[in-house]
Each structure stands twice: as C-alpha cells, then as structure tokens.
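# Coordinate inspection notes
Spelled out from the first residue to the last, the chains are:
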Amino acid sequence: MELRTWSWREASGFLGSPVAMANNGSFHRLSRQIFNLSSPIWSYPFAHIPSSPLVVHARKRDSQSEPVLKQTIVEEVSMDGGDGILFDDFEDEELAEDDNYFEDEYLAEEPELYVGDGAGGGGISLAGTPWDKEALAMAEEVSLSFDGELKIYAFKTLANSTIRVRIEKLSNKSGSPSMADIEAFSLAYRKRLDEAELSGSIPENVSLEVSSPGVERVVQVPQELDRFKDRPMYVKYVNQVAGTSSSIENDGVFRLVSFDTETNCCIWGLADVKVNREKAGKGRPLSKKQREWRLNIAFDSLRFVRLYSEI
C-alpha cells in the first residue's frame, strides 16, 4: 500500500490561521426488503485516494502563521501475502465448506479497529471530562452549518484536552472529504471552541484535530451495506464448527452479493482483487470456483467489515 505524506509549513504574516499537518494516509434507515446487487465491482486501479486520513491540526486563535503547502512523497510498499496460501491448488480441489481458505490472510499488522471507537471505527468516544459533551454539541452544530454536506463520522475527546474529529462528505460516493472541506470545518469549529474558551466553558488549552475517515473506513452493518455495495470489503466473521458448540473465526476480501433486512442475512462472493487472484495462480484471473463461491451468513456473525483498497 502506498503512503503519501504532505507537510504544511508555517509562513508568517496572518493572524489566526491554523497550522496544518496532513498525513495522507452515518446512519440511514433501510426499508424492509431484499436487495439484490447486480452492479459490477469498480474497475481497478481506483483513482488515488489516501489510505490513511487527511489530518488538520488547528492552532489556537493567537497563532500568527499561515499554512503553505509543501509536498513531499513517502512511499511504503506493503508486505505481500505472507506464508499462507489462500487458494492452494484451487482448480483441482473441491471448495471446502468450512471456509478455511480465508483465514489469516489479511490485516495481520493493522491496528485493531472496532465500531464506535471514536477513531477509524467511527462513532463517539468521550473521555468523561466536564467539557466534552459541550464540545460534541458544538461540533454537531458546525456540521449542520454545511447544509448536510459534511457529517461527523467519528468524534473523540482525550483527557489531555485534545479533540479528534473525523468528517465525511455525504455527496462523495466514498465519503471522503477534500482538504478544503476539512480546512473549512476545522476553521468553523475552532472559532466555536475559541468562543467557548473565552466564556470559560471549556479549557483554554484544548487542541483540535480534524481528519477524513480514511479510505478503509469501517462499514456499519446493515446501515451502510447498500451505500458501499460496489466496493470490495474486508470481512471478519465467525462460523459454527459442524457437530460442535464451538466456532472459528475467518476473514477475506469479498464483494456483497445481496442482503436481506428481514432475515438479517447477507451473501458474499470473492472480490476480484489481487490478493484473491494471486491464490488462483500468478497472472491468472479468478477461477470459476472462486467466482461461484458464496458465503451466506447472518449479520450477527459478522465481527468486522471495512472497505478494502488495493492502493
């Protein structure tokens, strides 16, 4: 995976501008009906989208600097594959029913995320300070001022007087805001925080970080399945071991075939991505058995779902 980093340097001559450093790294109700998804998976490669969030650090109002964009490029090549084989001799063997082909192949070195962690998993996480609920209310009011374009994806307060906000752009299919969107939200929210500091309702040393959700954001199940149905997703799930009371955890990169909000079940197939194609043989497309493989599973058995990017 490629990591691109932009460094914003300070320039004097402007009062009250934020100093920014960017490391390029929602819920809606579904009707009770069956969704059959026939849309094809997006072609690859996608246009470049940052793998990790764009982050803006907003300095307090007495800062005398203006951000000037200076771009540097840092490239990291992610480790390929590992020792495990996802589809060893896939063409010559019957597809196993226990789904063990998809174990231990993904995210071995990624930090653990979970829904509602106030960070990459979205949701709200408050430190329990006397001021964090007021800070959250102000952030929500600021998001409403953008006419429904920007929404808070994650909000987190820390005991060291830090506020971290991740915003998404609802008009963008991927949900990713631009740097201009992040800057606009940051400036508007910083102004509200400055006013609250002057009134004494929040501490004077509160720092603010505003960022995007990141390209591999967590997907809410089932609320966001329809929204991201055309994207490949990394899925971690559990299956019952036949004839026993125990279960095993598996994972894989899948595409959503269909989901049903009445039965609370969904059907997945293998996504046409490099990590899956390579297991059928280097340079080869997905095999017939890979294309026809299906996972029919209840929502409750999905432990973790996030968008997957090959970038």
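In this text, all values refer to a predicted model and were calculated from it rather than measured experimentally.

On to the overall build of the protein chain. A tally of helices and strands in the protein chain yields 4 helices and 14 strands. For the protein chain, the proportion of its 311 residues judged to be buried stands at 47%. When the accessible area of the protein chain is evaluated, it comes to approximately 16,000 Å², of which 49% is carbon and sulfur surface.

The biggest cluster of nonpolar side chains holds 21 residues, and the ones touching the most others in it are Phe155, Ile163, Val165, Phe185 and Tyr189. Put simply, the parts of the chain that give this core at least two residues each are helix 1 (132-144), strand 7 (150-158), strand 8 (162-169), helix 2 (179-199) and strand 9 (207-211). Of all hydrophobic cores here, the second largest spans 19 residues; its members include Tyr237, Cys266, Leu270 and Leu302.

Look at any regular strand and the pattern is simple: side chains alternate between the two faces of the sheet. Most of strand 14 (residues 302-307) sits inside the fold, with 5 of its 6 residues counted as buried. In terms of strand pairing, strand 10 (residues 233-240) meets strand 14 through 5 bridges, oriented antiparallel. Bridging across to strand 14, valine 235 finds its partner in valine 305.

Between the first and last C-alpha of helix 1 there are 19 Å, a value that for 13 residues agrees with the 18 Å anticipated at 1.5 Å per step. Along helix 1, the residues classified as buried are Asp132, Ala135, Leu136, Met138, Ala139, Val142 and Ser143. Down the axis of helix 1, the buried set is contained in an arc of 160°. They therefore lie on one face. Of the residues in helix 1, the exposed ones pointing more than 90 degrees away from the buried face are Lys133 and Leu144. Buried residues along helix 1 sit against strand 6 (123-125), strand 7, strand 8 and helix 2.

This paragraph deals with the environment of glycine 116. As for its placement among the helices and strands, glycine 116 is situated in the loop between strand 5 (66-71) and strand 6. Put simply, glycine 116 and glutamine 220 are 104 residues apart on the chain and 9.8 Å apart in space, counted from C-alpha to C-alpha. Excluding residues that lie within four positions of it along the chain, glycine 116 makes contacts with Gly121, Gly122, Gly123 and Ile124.

This part is about the pattern of salt bridges. Here the structure, examined in full by the defined rule, presents 14 salt bridges. In this structure, the salt-bridge partner of glutamate 168 is arginine 227, at a minimum N-O distance of 3.1 Å. In this pair, glutamate 168 is assigned in strand 8 and arginine 227 in the loop between strand 9 and strand 10, connecting sequence segments 59 residues apart. When sorted by exposure, glutamate 168 lands in the same class as arginine 227, which is buried. Residues arginine 227 and glutamate 224 are paired through a salt bridge, measuring 3.6 Å at the closest nitrogen-oxygen approach. By the burial criterion, arginine 227 is buried, and glutamate 224 matches it. Salt bridges linked by common partners bring Glu168, Arg217, Glu224 and Arg227 together as one network.

To continue, consider the packing of aromatic side chains. Enumeration according to the criterion identifies 6 aromatic pairs in this entry. Summarising the aromatic geometry, the rings of tyrosine 237 and phenylalanine 254 are spaced 6.0 Å apart at their centres and angled 50° between planes, so their arrangement reads as tilted. One end of the pair, tyrosine 237, is in strand 10; the other, phenylalanine 254, is in strand 11 (residues 247-260), with 17 residues separating them in the sequence. Here tyrosine 237 matches phenylalanine 254 in class, with each residue buried. Cluster of aromatic residues (ring-pair linked, three or more members): Tyr237, Phe254, Trp268 and Trp293.

With that settled, consider helix 2. The end-to-end C-alpha distance of helix 2 is 30 Å, a good match for the 30 Å that 21 residues give at a rise of 1.5 Å each. Taken residue by residue, helix 2 has Met179, Asp181, Ile182, Phe185, Ser186, Tyr189, Arg190, Leu193, Asp194, Ala196 and Glu197 as its buried positions. Two residues or fewer after helix 2 comes glycine 200, characterised by a positive phi angle close to 85°.

Here threonine 162 shows up in strand 8. The class for threonine 162 is buried, based on a relative accessible area of 6%. A distance of 3.1 Å separates polar atoms of two side chains, one belonging to threonine 162 and the other to serine 207. Aside from chain neighbours lying at most four places away, what touches threonine 162 is Trp131, Lys156, Thr157, Ser207 and Glu209.

Cut-off values and rules
- Residues numbered from 1 in each chain as written.
- Predicted model: local features only at pLDDT ≥ 70, side-chain atom pairs only at ≥ 80, totals over all residues.
- Heavy atoms only, no water.
- Helix = DSSP H or I, 4+ residues; strand = E, 2+ residues; numbered from the N terminus.
- Buried < 20%, exposed > 50% of the residue type's maximum accessible area, 1.4 Å probe, protein only.
- Areas by Shrake-Rupley, 256 points an atom, 1.4 Å probe, with all protein chains shown as cover.
- Core = buried A, V, L, I, M, F, W, Y, C linked by side-chain atoms within 4.5 Å.
- Pairing = 2+ DSSP bridges.
- Expected span 1.5 Å × (residues − 1).
- Arc of directions from axis to C-beta.
- Contact = heavy atoms within 4.5 Å.
- Salt bridge = Lys/Arg side-chain N within 4 Å of Asp/Glu carboxyl O.
- Phe/Tyr/Trp six-rings, centres within 6.5 Å; stacked < 30°, edge-to-face > 60°.
- Polar contact = N/O pair within 3.5 Å; in protein donor to acceptor, adjacent residues only side chain to side chain.

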